[in-house]
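Spelled out from the first residue to the last, the chains are:
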Amino acid sequence: MRQLGLGLAMAAAGLAMALQTANADEELPIGVIAAQSGSFVSAGNTIVGAANLAAQQINDAGGIKVGDKTYKVKLYIRDNRTDVNVTIAAARELVNDIGVKAIWGTETHDFSVSMAKITGPAKVLQFSGNSSLGAVLDDKAVAEDGWLHYAFQSEPQEWQRSGSTAKGVLSLLTPQLKSPPRHSVVFVGNDATGQYLSSHYVKALEAEGQKVDLVQYPPDTTDFSPLLTRIKGMKPDIVHFWYNGDSTLTAFPQALKLGVAPSYFLFGVDPGIYQERSLKADVPVTMSCVPVCWGSSPYPEVKQYFDKYFGLGAAKGPQSSVSLLYYDYFFWYAKALEKVGKIDDPDAVVAELLKSDYKGVVSPVPLVFNKHHQVTFATEVCMVEPNTSDQFKCAVEQPPAAPPPGDNGG
Amino acid sequence: MPMTDNSAGKTGAAPEGVRARDRLALLTADNAAVPLPAGVQAITAILLAVLLIALPWLGLGYRFLSIAITTLYTAIGLYGLGLQFGQAGIMSVGHAALMGVGAYASAILSVQLGFGFWTSLPFAMALSAIVGGVIGLPTLRVGGQHYIIITFCFCALFVVVLTNGGTFTGSATGLDVGSVTPLPGINFDKLSNNYYLVLAALFLALSATYLIGNSRYGRTLRAIRENEQLARSVGINVDLHKLGVLMVSGLFAGLAGVLQLYYLRHISPTLFGAFPSLYLALMVMLGGARYLYGPLIGAVIVNFLPEVLNLDPVDSRIAYGVCLLLVILLLPGGVGAGIKNVYCAVRGGLEKQGGGTNGRA
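Computed from a predicted structure; not experimentally measured.

S.K.: Just give me the short version of the sheet that holds strand β10 (residues 264-267) of chain A, but keep the residues and values in it.
M.R.: Residues and elements named next belong to chain A. With respect to topology, seven strands assemble into an open sheet ordered β8-β7-β9-β10-β11-β15-β16, the strand pairing being mixed. Edge strands, defined here as strands with exactly one partner in the open sheet, are β8 (211-217) and β16 (392-397). Within this sheet the neighbouring strands show an average axis-to-axis angle of 20°, counted without direction. Of the strands in this sheet, β7 (183-189), β8 and β9 (238-242) are in contact with helix α8 (residues 225-233), which crosses β8 at around 170°. With respect to the sheet, helix α9 (residues 245-258) is in contact with β7, β8, β9, β10 and β11 (285-289), its orientation differing from that of β10 by roughly 160°.

Below, the structure is given as structure tokens:
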């Protein structure tokens, strides 16, 4: 009798263990490579912040149901220390040692391109925000045997963003100036991203009837006064501080002191930061966010997102809104996995992402990848009233239908 | 293992009346207090070779192996810098730009003419050597800190030219290349094969450095380093030898640059700017430019220190600064000299102990 009892108890324990194993959640390993230290930290932190929030929400909601299994997202976050060699080492580790199914990051063009040379052959999906990837995402690169077949650009094409930004800036500033603006100076950092972005933005401004001069400053410049004095001599109607919110926040006060122009545009500076730093100008100032501002959210769901994002401890920075470029794609990727029904078929997941759409936070219109693995969504542009730090007027500008003359779209 | 160690006795403090040629001989002699025995040198070389060859089999993971590759190609570049600084006494803080010349030459040949790794390698190395010689021309007129400033200017100018070079240099975005052309049965897309490729190049660099250091040419370079006027007075063509060593250094840098290019498969100007150059100078000083394994030690320290101690870039720079100060104050010959001093002290202690015991017995 005692033996029978013992046997029953053991059988029950075995059954319980078997049931537990059957119900146990499996892990879906996803990598994040971003600068958590070094000069790109402010951009890198947005990737980590977005990934943590998305993973937490997916897991809290029960995980991802793929086939007859449920997967919980397991993040493997690696700091690239703003160093391409560490980025490569981290990518090798995540792809080869850990076996992640997808990687989010990085924050800069060079790193993302080098990383794609590792993720591509390993058939690991890569979601990078860099719009400069547009320069390499072509028919050949994204073909089934192309080196960027598994890479997706989660930021819109640059000619689209430049077009919507130029239109938004001019429509907000024109009523504020004595005469319609005719002459713009684009002031930009002379690095990979700056060169790429400004090449499109100059064309977009020209398409809006502006005479445009381009002035580049060396990366890591801190004293902008010589170049700004030169710009003042050009007598521009608008100075566009284009790309790199951190540099812009250094250069803009110097421009105000020198009285360089009757109006300004600050790319990538969020109204929230403008307000927090109590910046003030006696001339109209516009600013844009990539893609929507956390300091002046146009949609309730965006506000909710940023409340949660900052609630997890993310820093409020000029580039915090960039986190949205990485957040929605977790859910879109999860949706594609559920549809495909297995996590080990990257080709099917790529095909599913290309034929599906996703309505998330970043855009009120569902996101769709084009044939070059790029998305389309609008840009928010805001204007702060002169002599105030918190009186904003914002507009969401839709991208143009086609690239402007002289812009090949790539 | 000292390649040449003159740290113990420098500056011609020779007895009065000694002829110039003899003074020169004194200066360029291996002044190490206790020269390492040939057996120790051989055992060190074998152990190091075995360790490096076995590394991919130790199961340390792809991350470790990736950083090891970075360390090795950096060390190859450092061996060039070690030759020009350690042997000839010509310091440069623009050496990354010289690596960049090789890398960009190879990338441009690949993009414009379809050259692969093996076909572009000799051209890239040759161009780096020529550029190394051209930058070296000012050394015929100026030296010391003046030449250092010139190399720094070259580095800055090189980055500006690349950044504004249009589609030819890929501007700030840079250039992309494919994989290393496979050899029969060896696909270099496999990380361990890539590692062995870089390791083979390192062995070549090590061997060349050893041979140069122990040749008549090496002794001539050391003579120039110790007293240029004296070397000139005994008939050494100082100008030719200076340019020669800078060209040899350029060859090493070109090789390192091409290996870096095909490891990353994407290059941009920022890789060859002021900071990478300063790091190279730091590494060679930390490791010890005059020691055969000094550059390798320096590359290991700088590449692995942040990894081992999980330092962010700011902490790393502080750590490097502290290390450099400590090395300057305590180990003027670098960590390589320190290791050798420890060996000599241990050996001396053991011999003394052995002798005393025997005596008492």
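There is more to say after this.
S.K.: Help me get a handle on the pairing of strand β6 (residues 151-156) of chain A, residues and values and all.
M.R.: All names here are of chain A. Among the six residues of β6, six are classified as buried, and the element is accordingly described as predominantly covered. Inspection of the sheet shows strand β5 (residues 125-128) paired to β6 by three bridges, in the parallel sense. Residue Phe-127 lies in a different strand from β6, and its bridge partner there is Phe-152.

S.K.: Can you lay out the domain arrangement of chain A for me, pointing to particular residues and giving the numbers?
M.R.: Residue and element names in this part refer to chain A. Split into domains, chain A comes out as domain 1 (10-157 + 299-375) and domain 2 (159-297 + 378-397). In this structure, domain 1 and domain 2 have C-alpha centres spaced 31 Å apart. Taken residue by residue, the interface counts 26 residues in domain 1 and 21 residues in domain 2. For the pairing of domain 1 and domain 2, the buried interface totals around 2,000 Å² over both sides, and the portion due to carbon and sulfur atoms is 57%. Taken together, the links from domain 1 to domain 2 amount to one salt bridge. Between Arg-161 and Glu-155 there is a salt bridge, with the nearest N and O atoms lying 2.1 Å from each other. Taken together, domain 1 and domain 2 are joined by seven residue pairs in polar contact (both at pLDDT 80 or more).

S.K.: Before we move on, can you summarise the nonpolar core with the specific residues and values?
M.R.: Among the nonpolar cores identified, the biggest contains 108 residues, and Trp-104, Leu-125, Phe-187, Phe-241, Tyr-264 and Tyr-333 of chain A are the most heavily contacted of them. In this structure, Tyr-264 of chain A is in contact with Leu-173, Ile-238, Val-239, Phe-241, Phe-252, Ala-255, Leu-256, Gly-259, Val-283, Pro-284, Val-285 and Thr-286 of chain A, ignoring residues within four places of it in sequence. Within the second largest apolar cluster, 103 residues are counted, among which are Leu-52, Leu-55, Ile-67 and Leu-83 of chain B.

S.K.: Please set out the packing of aromatic side chains residue by residue, giving values where relevant.
M.R.: Two numbers describe a pair of aromatic rings. These are the distance of the centres and the angle of the planes. Residue and element names in this part refer to chain A. For the structure on display, the rule yields 45 aromatic pairs over all chains. Taken together, a centroid distance of 5.8 Å and an interplanar angle of 70° make the contact between Trp-104 and Tyr-333 edge-to-face. Here Tyr-333 lies in helix α12 (residues 324-340) and Trp-104 lies in strand β4 (residues 102-104), a separation of 229 residues in the sequence. We note that Trp-104, like Tyr-333, is buried. Between the aromatic rings of Tyr-309 and Phe-310, the centroid separation amounts to 5.2 Å while the plane-to-plane angle is 65°, which identifies the pairing as edge-to-face. For the pair formed by Tyr-309 and Phe-310, the shared burial category is buried. Across the ring face of Tyr-76, the terminal group of Lys-74 is positioned such that the distance to the ring centre comes to 5.6 Å. Positioned above the aromatic ring of Trp-147, the side-chain terminus of Lys-117 is 4.8 Å from the ring centre.

S.K.: Describe the pattern of salt bridges, listing the residues and the values that go with them.
M.R.: Tallied over the entire structure, the rule returns 21 salt bridges over all chains. Lys-355 of chain A is the salt-bridge partner of Glu-352 of chain A, the closest N and O atoms lying 3.8 Å from each other. On the criterion of helical spacing, the pair formed by Glu-352 of chain A and Lys-355 of chain A is a turn pair, its members being three residues apart in helix α13 (residues 346-355). Lys-355 of chain A sits in the exposed class, given a relative accessible area of 66%. When salt bridges that share partners are traced, they join Arg-78, Arg-81 and Glu-93 of chain A together with Arg-63 and Glu-307 of chain B into one network.

Thresholds applied
- Residue positions are given per chain, counting from 1 as you read along its sequence in written order.
- Each chain takes a letter, starting from A, and each ligand takes a number, starting from 1, following the order in which they are written.
- This being a predicted model, a pLDDT of at least 70 is required before a residue's local features are given, and a value of 80 or more before pairs of side-chain atoms are given or counted; all residues contribute to the totals for chains, interfaces and linings.
- As a rule here, side-chain values come from all non-hydrogen atoms in the structure, and water together with hydrogens is ignored.
- Pairs of strands are assigned from DSSP output, requiring at least two bridges between the strands.
- Helix numbering and strand numbering both begin at the N terminus, where a helix is a DSSP run of H or I of at least 4 residues and a strand a DSSP run of E of at least 2.
- Whenever a helix is involved, its axis is fitted only over the stretch in contact; in every case the axis is a line through C-alpha atoms, and angles between N-to-C directions fall within 0 to 180 degrees.
- Residue contacts follow a heavy-atom distance rule, with two residues in contact if any of their heavy atoms lie within 4.5 Å.
- The buried label applies to any residue whose accessible area, calculated with a 1.4 Å probe on protein chains only, is under 20% of its type's maximum; exposed applies above 50%, and partly exposed to all values in between.
- All domain edges in this entry derive from an automatic or database-based domain assignment.
- For any pair of parts, buried area is found by adding up, for both, the accessible area (1.4 Å probe) each one loses once the two are put together.
- Here, a salt bridge means any side-chain nitrogen of Lys or Arg that lies within 4 Å of a carboxyl oxygen of Asp or Glu.
- Two N or O atoms count as a polar contact when they lie within 3.5 Å, although within protein this holds only if one can serve as hydrogen donor and the other as acceptor, and sequence-adjacent residues are included solely when both atoms are side-chain atoms.
- To define a nonpolar core, start from buried Ala, Val, Leu, Ile, Met, Phe, Trp, Tyr and Cys residues and group those joined through side-chain atoms within 4.5 Å.
- The criterion for an aromatic pair is that two Phe, Tyr or Trp rings (for Trp, the six-membered ring) have centres within 6.5 Å, with stacked assigned to planes under 30 degrees apart, edge-to-face to planes over 60 apart and tilted to the rest.
- Charges are assigned to positions over rings by a cutoff of 6 Å between ring centre and Lys NZ or Arg CZ, combined with an angular limit of 35 degrees from the ring normal.

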